[in-house]
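The chain contents come next:
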Amino acid sequence: QPYGQVPPSFFPGSNNRPLQQQQQQQEQPVSLLLAALRLVLRGVIKLERAGARHLLEAFCHSNTIGQLALLSTIAPSAEPHTFGEELCAALLCQSTSSTAAAAYPAPPAGIPYAGFDRSITRNTAGSRPGTPAVPNPYGRPPVSSSDSPEAMAASQLYLQLCAGRAARILGYLLQQNPAGQSRLLGLQVSDTLGDTLLLRTVKVLAEGCRRADKQALPACYCILRLLITWCWGCTAAVSSLLAVPSHLPLLVDLVGSRMPASDVHTAGLTAVLLGVCLMFAPGSPVSRQHQLQQDHQQQQQQSFAAAGRVSYSQLLDVLLNRTGLSQLFGAIDDMKGSKAYAAVMTAPQLPAHITRAAAAAVLQLEAHERAGDCRVAWGQAPHLQAD
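Everything numeric in this text was worked out from a predicted model, so none of it was measured.

Procedures and definitions
Residues numbered from 1 in each chain as written. Predicted model: local features only at pLDDT ≥ 70, side-chain atom pairs only at ≥ 80, totals over all residues. Heavy atoms only, no water. Helix = DSSP H or I, 4+ residues; strand = E, 2+ residues; numbered from the N terminus. Buried < 20%, exposed > 50% of the residue type's maximum accessible area, 1.4 Å probe, protein only. Contact = heavy atoms within 4.5 Å. Areas by Shrake-Rupley, 256 points an atom, 1.4 Å probe, with all protein chains shown as cover. Axes fitted to C-alpha atoms, helices over the stretch in contact; angles between N-to-C directions. Parallel < 35°, antiparallel > 145°, perpendicular 65-115°, else oblique. Left-handed = near helix turned anticlockwise from the far one by under 90°. Nonpolar A, V, L, I, M, F, W, Y, C, P; charged D, E, K, R; others polar. Expected span 1.5 Å × (residues − 1). pLDDT = per-residue confidence, 0-100. Phe/Tyr/Trp six-rings, centres within 6.5 Å; stacked < 30°, edge-to-face > 60°. Polar contact = N/O pair within 3.5 Å; in protein donor to acceptor, adjacent residues only side chain to side chain. Patch = residues over 30% accessible without salt bridge, like charges linked within 9 Å, V, L, I, M, F, W, Y side chains within 5 Å. Salt bridge = Lys/Arg side-chain N within 4 Å of Asp/Glu carboxyl O. 1 Å grid on protein atoms, 1.4 Å probe; cavity = no way out; pocket = protein on both sides within 12 Å on 5 of 7 lines; lining within 4 Å. Points joined across faces, edges and corners; volume = space filled by probe spheres on them.

## Re the overall build of the protein chain
- The secondary structure content of the protein chain amounts to 20 helices and zero strands.
- Buried residues in the protein chain amount to 44% of all 387 residues.
- Once local pairs closer than 6 in sequence are excluded, the contacts in the protein chain between residues at least 24 apart make up 69%.
- Working note: accessible area of the protein chain is about 19,800 Å², and carbon and sulfur atoms make up 58% of it.

Below you can see the structure in the form of structure tokens.
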């Protein structure tokens, strides 16, 4: 058999799906960017998700044409198949179990699954006692397992974490991309008038911050970073964000740590977001200077003076009365003083040259990461990560 192809005798008597259909789905060509996106959204191993995320970030860096090409594919779909459709479905917390099954076909329930950690010695129902577990070539547990990724995908927490991962990828597409920032604001995700992707993203942020268990905090971090990138230099995005009456009180409560899932990082990131909104709010000095430099935004500047919009003076008045500049800047300073922030800002120290000791250390680290991520996938970890 060719390398990587599963022999027909591997799944004897399979009743879940014809073997020919399984092979066709496995051999269906998928673009590299789409494969990387699927790995970022639904990957089990943390190191693999980080590598796929770095690939997408490198593709979007100083690549406006590529960013706009991917942004043009973003659209809501009941059965997402393209890069933009799957990214939009993840941002909307839309369950895509059929797409996940097509991307990672599952073996029959009678085939034992060999995972990592203690799941190595655990056999599925129907296998004989003492039978060694067979490694799963598809890299996921059986569909019938109660703690499989399919079962986890039904939970709201898993969908929120996938939304956080998708928000980080969308931030790469909007980084230093003014045309993409403005174009994406008009994307309607439902038949309801005014139901845009930006408003849905804030809704996911609000739901994650209201969780008392704080397990959706990694997704909240990613969504706040997306909003900062989206609003930076885009007055239209700031105006759309502040147009909904409930958004500004939500951000003020996050800065003041008055939400159930608030912490030092959500407060700091929200303070940065409010600072960006203050800079680029309609009527601010920075906003006027920015719009004067871009002639194609003059028509948008006139529409911002309509009634019902939160202006620069109104936003500044709310921040002074409800939060205060000292608390606003203090939240940013507290975030900078946290250990997690210092660890992220510290440059990674790479070995000067490859040695046997360095290679053994990397392999040991990957073994621990795989064991930990497998426990996360099987619901054995206390919390999940959106990284």
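## Thoughts on the packing of helix α13 (residues 247-255) against helix α14 (residues 264-280)
- Interaxial distance between α13 and α14 falls to 8 Å at its minimum, and their mutual angle equals 135°. With respect to their mutual orientation, α13 and α14 come out oblique. For the pair α13 and α14, the crossing hand works out as left-handed. Listed contacts from α14 to Leu248, Leu251, Leu254 and Val255 of α13 are Ala267, Thr270, Ala271, Leu273 and Leu274.
- Classifying every residue of the contact of α13 with α14 gives eight nonpolar, one polar and no charged.

## Here's the deal with helix α11 (residues 217-231)
- For α11, which comprises 15 residues, the first-to-last C-alpha distance of 21 Å matches the rise-based estimate of 21 Å (1.5 Å per residue) to within 8%.
- Among the 15 residues in α11, 13 count as buried, and that is most of the element.

## Let's talk about the confidence of the model for the protein chain
- In this model, the protein chain carries a mean pLDDT of 75, and residues with pLDDT of at least 70 account for 67%.
- In this model, residues 1-17 is a region of pLDDT below 50 whose contacts with residues beyond four sequence positions or in other chains number 28 contacts.
- Every residue in residues 374-384 is under pLDDT 50, and counting partners more than four places away or in other chains gives 29 contacts.

## A few points about the packing of aromatic side chains
- Summed over the entire model, instances satisfying the criterion amount to one aromatic pair.
- On the numbers, 5.1 Å between centres and 70° between planes, the contact of Trp232 with Phe280 is edge-to-face. Within this pair, whereas Trp232 is found in the loop between α11 and α12 (235-243), its partner Phe280 is found in helix α14, the two being separated by 48 residues in sequence.
- Given a relative accessible area of 48%, Trp232 falls into the partly exposed group.

## Quick look at the side chain of Arg165
- Summarising the element assignment, Arg165 is placed in helix α8 (residues 156-174).
- Accessibility expressed as a relative area gives 8% for Arg165, which makes it buried.
- Engagement of the side chain of Arg165 in a polar contact is seen with the backbone oxygen of Leu41, the distance being 2.8 Å.

## Side note on a nonpolar patch on the surface
- Residues Trp232, Met279 and Val286 make up a contiguous nonpolar surface patch of about 260 Å² in total accessible area.
- Locating Met279 in the fold gives a position in helix α14.

## What to know about unusual backbone geometry
- Its identity as a non-glycine residue notwithstanding, Ser62 has a phi of 55°, on the positive side.
- By the secondary structure assignment, Ser62 is in the loop between α3 (46-60) and α4 (64-71).
- If you check the backbone angles, Ser257 has positive phi at about 55° while not being a glycine.
- For Ser257, the location among the structural elements is in the loop between α13 and α14.

## Things to note about the environment of Thr64
- With respect to the element layout, Thr64 can be found in helix α4.
- Take Thr64: its relative accessible area is 38%, and that puts it in the partly exposed class.
- When the C-alpha positions of Thr64 and Pro178 are compared, they lie 9.5 Å apart, and in sequence the two are 114 residues distant.

## Considering the layout of surface pockets
- Within this model, the largest pocket holds a volume of roughly 1,500 Å³.
- Lining the largest pocket are 43 residues; nearest its centre among them are Arg168, Tyr221, Arg225, Leu269 and Val344.
- When contributions to the lining of the largest pocket are tallied by element, the ones reaching two or more residues are α3, α4, α8, α9 (178-185), α11, α14, α18 (325-336) and α19 (339-345).
- Per-element tally for the lining of the largest pocket: the top contributor is α11, with eight residues.

## What to know about the side chain of Asp195
- For Asp195, the location among the structural elements is in the loop between α9 and α10 (197-209).
- With relative accessibility at 15%, the residue Asp195 sits in the buried group.
- Looking at Asp195, its side chain comes within polar contact range of the side chain of Ser190, at 2.5 Å.

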